[in-house]
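Here is what each chain is made of, one letter per residue.
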Amino acid sequence: VIHRANSQGIQDVVAQQFDVAEQILSHGFVPIIEPEVEIHASDKAQAEEILKKLLLKHLDALNSYVILKLTMPSVPNFYQECIDHPNCLCVLALSGGYSQQDAVELLSRNPKMIASFSRAFTEGLKADQSDEDFQGTLEKSIRLIIQGQQQQEESPQDQQEL
């Protein structure tokens, strides 16, 4: 996890992720590269700037496809260059510890990022829930995430920085 905008630290994380990706690619699989940025970092936007530059540099050097799984950015559409890169199959949106409501809101502001939520998806689930309550909570999560995904297509021009 990237905790702050430290250029060397972020460079090390990205290099490690792409080194592992090369090993996965050598076996004929498509790797998922997941350099998560801490959502509470005081300099999150600066960390994302550094990260994006390094991701694009490494994507340029590839001759294969990868999938990126990234914390939703502070600035809407920030990872569009990665999404459009010919060596990137898709960019998944990591909920990264955001509440379900915040994760869905951020997702709606980032067209072409695809929801890949774990923590936000399972929000509200408890071991002692009845099957009916458990199922209802899952269904609600699915509906909210689908709404966020659909809202991406409705108003990408109206989005503002968070």
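Just so you know, these numbers come straight off a predicted model, no measurement behind them. (Residues numbered from 1 in each chain as written. Predicted model: local features only at pLDDT ≥ 70, side-chain atom pairs only at ≥ 80, totals over all residues. Heavy atoms only, no water.)

Structural notes on the overall build of the protein chain
How we decide: Runs of E in the DSSP output that reach at least two residues are strands. Runs of H or I that reach at least four are helices, and both are numbered from the N terminus. Each radius of gyration reported is based on C-alpha atoms, and the globular scaling rule is 2.2 Å times the count of residues to the power 0.38. Here's how the labels work: a residue is buried when its accessible area is under 20% of the maximum for its type, exposed when over 50%, partly exposed in between, all with a 1.4 Å probe on protein chains only. Contact definition: two residues touch when any of their heavy atoms are within 4.5 Å.
When helices and strands are counted, the protein chain shows 5 helices and 4 strands. At 17 Å, the protein chain has a C-alpha radius of gyration in line with the 15 Å of a compact globule built from 162 residues. Summarising its shape, the C-alpha atoms of the protein chain cover approximately 50 × 40 × 30 Å along the three principal directions. Burial statistics for the protein chain: of 162 residues in total, 44% are counted as buried. Taking all contacts inside the protein chain whose residues are at least 6 apart in sequence as the whole, residues at least 24 apart take part in 63%.

Details of helix α2 (residues 44-61)
Residues separated by three or four positions in an α-helix point in the same direction, a consequence of the helix having 3.6 residues per turn. What counts, and what does not: The span you would expect from a helix comes to 1.5 Å times its residue count less one.
Between its terminal C-alpha atoms α2 stretches 26 Å, which fits the 26 Å expected from 18 residues at 1.5 Å a residue. For α2, every residue scored as buried is listed here: Lys44, Ala47, Glu48, Ile50, Leu51, Lys52, Leu54, Leu55, Leu56 and Leu59. On its buried face, α2 sits against α1 (7-25), β2 (66-71), α3 (80-84) and β3 (88-94).

Some details on the confidence of the model for the protein chain
This is how the line gets drawn: Confidence scores here are pLDDT values: one per residue, from the predictor, ranging 0 to 100.
Mean pLDDT for the protein chain: 92, with 94% of residues reaching 70 or above. When the criterion is pLDDT under 50, residues 155-162 qualifies, and its contacts beyond four places in sequence or with other chains add up to 18 contacts.

Here's the deal with the side chain of Gln129
Inclusion rule: Residues adjacent in sequence count toward polar contacts only when both atoms are side-chain atoms; beyond that, a polar contact is any pair of N or O atoms within 3.5 Å, and within protein one must be able to donate a hydrogen and the other to accept it.
Mapped onto the fold, Gln129 is located in the loop between β4 (113-115) and α5 (131-154). From its side chain, Gln129 meets the backbone oxygen of Gly124 in a polar contact 3.3 Å long. Polar side-chain contacts of Gln129 include one of 3.2 Å to the side chain of Thr137. The residues contacting Gln129, other than those within four sequence positions of it, are Gly124, Phe134 and Thr137.

Here we look at the nonpolar core
The test is simple: The set of buried Ala, Val, Leu, Ile, Met, Phe, Trp, Tyr and Cys residues whose side-chain atoms join them within 4.5 Å is what this entry labels a nonpolar core.
By size, the foremost hydrophobic cluster in this structure holds 37 residues, and its most contacted members are Leu51, Leu68 and Phe117. Mapped onto this core, the elements with two or more residues apiece are α1, α2, β2, α3, β3 and α4 (100-108). Examining the composition of this core, we find that 7 residues originate from one element, α2, more than from any other. When sequence neighbours within four positions are dropped, the list of residues in contact with Leu68 reads Ile33, Leu55, Leu59, Cys82, Cys88, Cys90, Val91 and Leu92.

Structural notes on the pairing of β3
Convention followed: DSSP-based pairing: two strands are paired if at least 2 bridges between them are found.
By the criterion of burial, β3 is predominantly enclosed, with 6 of the 7 residues buried. Sheet analysis places β2 next to β3, joined by 6 bridges and oriented parallel. Looking at the pairing, Leu70 lines up with Ala93 of β3.

Points about the environment of Glu81
The residue Glu81 is located in helix α3 in this model. For Glu81, a relative accessible area of 46% puts it in the partly exposed group. Here Glu81 is in contact with Lys52 and Leu56, once residues within four sequence places are set aside. Reaching out from Glu81, the side chain makes a polar contact with the side chain of Lys52 at a distance of 3.0 Å.

A few points about the pattern of salt bridges
When the charged atoms of two side chains lie near each other, side chains of opposite charge can form a pair. The condition that has to hold: By convention in these notes, a salt bridge is any Lys or Arg side-chain nitrogen within 4 Å of a carboxyl oxygen on Asp or Glu.
Inspection of every chain in the model, using the stated rule, returns 4 salt bridges. For the salt bridge of Glu36 with Arg119, the shortest nitrogen-to-oxygen distance reads 3.1 Å. Highlighted residues: Glu36 in the loop between β1 (32-33) and α2 and Arg119 in the loop between β4 and α5, separated in sequence by 83 residues. Between Glu48 and Lys44 there is a salt bridge, with its nearest N and O atoms 2.6 Å apart. Taken as a pair, Glu48 and Lys44 lie in helix α2 at a separation of 4 residues, close to a single helical turn.

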